[in-house]
Amino acid sequence: MATNNMADPRRQNKILRYKPPSTESNPTLEDPTPDYMNLLGMIFSMCGLMLKLKWCAWIAVYCSFISFANSRSSEDTKQMMSSFMLSISAVVMSYLQNPQPMSPPW
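Residues numbered from 1 in each chain as written. Predicted model: local features only at pLDDT ≥ 70, side-chain atom pairs only at ≥ 80, totals over all residues. Heavy atoms only, no water.

J.: Sorry, what's going on with the packing of helix α3 (residues 54-70) against helix α4 (residues 77-97) here?
T.: Helix packing for two helices is described by the angle between their axes and how far apart those axes are. Contact geometry of α3 with α4 gives a least axis separation of 8 Å together with a crossing angle of 155°. By the criterion of interaxial angle, the relationship of α3 to α4 is roughly antiparallel. Taken as a pair, α3 and α4 cross one another with a handedness that is left-handed. Residue-level inspection shows K54, A57, W58, A60, V61, S64, F65, S67 and F68 of α3 in contact with α4, the latter providing M80, S83, F84, S87, I88, A90, V91, S94 and Y95. The residue makeup of the contact of α3 with α4, split by class, is twelve nonpolar, five polar and one charged. (Axes fitted to C-alpha atoms, helices over the stretch in contact; angles between N-to-C directions. Helix = DSSP H or I, 4+ residues; strand = E, 2+ residues; numbered from the N terminus. Parallel < 35°, antiparallel > 145°, perpendicular 65-115°, else oblique. Left-handed = near helix turned anticlockwise from the far one by under 90°. Contact = heavy atoms within 4.5 Å. Nonpolar A, V, L, I, M, F, W, Y, C, P; charged D, E, K, R; others polar.)

J.: Before we go on, may I ask you to explain the UniProt feature "transmembrane region" (unreviewed entry) in the chain in this structure?
T.: Here, the residues flagged by UniProt with the feature "transmembrane region" (unreviewed entry) are residues 39-68. Between the C-alpha atoms that bound residues 39-68 the distance is 12 Å, and the span itself is 93% helix and 0% strand. (UniProt positions renumbered as here; feature names shortened; annotations may be inferred.)

J.: What is the right way to look at the state of the cysteines in this model?
T.: A disulfide bridge is the covalent bond that connects two cysteines by way of their sulfur atoms. Summed over the entire model, instances satisfying the criterion amount to zero disulfides. No disulfide involves C47; its sulfur sits 5.0 Å from that of C56, the nearest cysteine. (Disulfide = S-S within 2.5 Å.)

J.: In this structure, what is going on with a nonpolar patch on the surface? I would like to understand it.
T.: Together, I88, V92, M93 and L96 make up an exposed nonpolar region whose accessible area comes to about 340 Å². Tracing the backbone shows M93 in helix α4. (Patch = residues over 30% accessible without salt bridge, like charges linked within 9 Å, V, L, I, M, F, W, Y side chains within 5 Å. Areas by Shrake-Rupley, 256 points an atom, 1.4 Å probe, with all protein chains shown as cover. Salt bridge = Lys/Arg side-chain N within 4 Å of Asp/Glu carboxyl O.)

J.: How should the packing of helix α2 (residues 33-51) against α3 be read in this particular structure?
T.: Where α2 meets α3, the axes come as close as 7 Å, and the angle between the chain directions of the two elements is 160°. Taken together, the axes of α2 and α3 are roughly antiparallel relative to one another. Where α2 crosses over α3, the two elements pack in a sense that is left-handed. Contacts between α2 and α3 involve T33, P34, M37, N38, L40, G41, F44, S45, C47 and G48 on the former and, on the latter, W55, C56, A57, I59, A60, C63, I66, S67 and N70. Counted by class, the contact of α2 with α3 contains twelve nonpolar, seven polar and no charged residues.

What follows is the structure, given as structure tokens:
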């Protein structure tokens, strides 16, 4: 083991721990995709619930998944989970009212 330390070419004084850049100093690092997808998911789920459009409800589920996948762990999860549950309830309610398969829009 001692012979490995002698042959190790790394310089101990040059090793620095990685610190991610803060978003306060550089606001361009903030990714707005989760917020937009969360908003789109809520809009589509409300359209799916109110207008009984199954495709809107499925798009809401898709947007909620994208929002959840792109979010940071430090963000508030309550809003994301409520959007996800709203989209799931839109799918369930649209299929409870009309259990036939979704017809193609064309």
